[in-house]
Amino acid sequence: MKSLRIKEIAFNSMSKDVECYGALFTGTLSIESTVTVCHSTLNKIINKIASQAPSEDVWQWLESYENLAGTFYHIRLPEQNQLSIDLLDFQSWFNDKPRKICA
């Protein structure tokens, strides 16, 4: 089974892209990776994290800062709350077109 483990999420209020940092896994092999998603996919990721850690407030991990380019947001997930998503499930979240995720 191929999966993506999300460790960090970063985005800017002025951009439509959200960067998810983590690792792609297949069996015992892994590679550090970055996946770019849209804000609607970010909502699905946040909901999935919240459902796996119901006693935790996901927003407690959110950091933000402002500069001339807008507001930047960063979420660093604690190791016990890092989200692992099967790649087939992850790909089904993209409404616009199929994506190929490979490493």
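Each value, and the rule that gives it
- Residues numbered from 1 in each chain as written.
- Predicted model: local features only at pLDDT ≥ 70, side-chain atom pairs only at ≥ 80, totals over all residues.
- Heavy atoms only, no water.
- Helix = DSSP H or I, 4+ residues; strand = E, 2+ residues; numbered from the N terminus.
- Contact = heavy atoms within 4.5 Å.
- Areas by Shrake-Rupley, 256 points an atom, 1.4 Å probe, with all protein chains shown as cover.
- Core = buried A, V, L, I, M, F, W, Y, C linked by side-chain atoms within 4.5 Å.
- Buried < 20%, exposed > 50% of the residue type's maximum accessible area, 1.4 Å probe, protein only.
- Pairing = 2+ DSSP bridges.
- Expected span 1.5 Å × (residues − 1).
- Arc of directions from axis to C-beta.
- Salt bridge = Lys/Arg side-chain N within 4 Å of Asp/Glu carboxyl O.

1. Quick word on the overall build of the protein chain
- Counting secondary structure elements, the protein chain contains 2 helices and 6 strands.
- Going from N to C terminus, the protein chain has its helices and strands arranged as β-β-β-α-β-β-β-α.
- Contacts in the protein chain between residues far apart in sequence, at least 24 positions, make up 50% of those at least 6 positions apart.
- A total of about 6700 Å² of accessible surface is found on the protein chain, and carbon and sulfur atoms cover 51% of it.

2. Describing the nonpolar core
- Residues Leu4, Ile6, Ile9, Val37, Ile45, Ile49 and Phe90 are the most contacted members of the largest nonpolar core, which totals 22 residues.
- Sequence-distant contacts of Leu4, defined by excluding residues within four places in its chain, comprise Ala23, Leu24, Val35, Leu83, Ser84, Ile85, Leu87 and Phe90.

3. Examining the pairing of strand E2 (residues 18–26)
- As paired elements, strand E1 (residues 2–12) and E2 share 9 bridges and run antiparallel to each other. Of the residues in E2, the one forming a bridge with Arg5 is Ala23.
- Count of turn residues in the E1/E2 antiparallel hairpin: 5 residues.
- Pairing between E2 and strand E3 (residues 29–37): 9 bridges, direction antiparallel. For Phe25, the partnering residue across the bridge sits in E3 and is Ser30.

4. A short note on helix H1 (residues 39–52)
- The first and last C-alpha atoms of H1 sit 20 Å apart over 14 residues, in line with the 20 Å expected at 1.5 Å per residue.
- Residues of H1 that are buried: Thr41, Leu42, Ile45, Ile46 and Ile49. The buried residues of H1 occupy an angular sector of 140 degrees when projected down its axis, which confines them to one face. Residues of H1 that are exposed and angled more than 90 degrees away from the buried face: Asn47 and Ser51.
- Buried-residue contacts for H1 involve E1, E2, E3, strand E5 (70–76), strand E6 (83–86) and helix H2 (87–92).

5. Things to note about the pattern of salt bridges
- According to the stated counting rule, one finds 2 salt bridges in the structure shown.
- Residue Lys7 is joined to Glu32 by a salt bridge in which the shortest nitrogen-to-oxygen separation is 3.2 Å. Within this pair, whereas Lys7 is found in strand E1, its partner Glu32 is found in strand E3, the two being separated by 25 residues in sequence.
- Accessibility expressed as a relative area gives 26% for Lys7, which makes it partly exposed.
- Residue Glu32 is classed as exposed on the basis of its relative accessible area, which comes to 56%.
- Salt-bridge contacts for Arg76 lead to Glu8; the nearest nitrogen and oxygen are separated by 3.7 Å.

6. Some thoughts on the environment of Asn81
- As for its placement among the helices and strands, Asn81 is situated in the loop between E5 and E6.
- The exposure class assigned to Asn81 is buried, which follows from its relative accessible area of 9%.
- Put simply, Asn81 and Val58 are 23 residues apart on the chain and 9.3 Å apart in space, counted from C-alpha to C-alpha.
- In contact with Asn81, not counting residues within four places along its chain, are Ile49, Ala53, Glu56 and Trp61.

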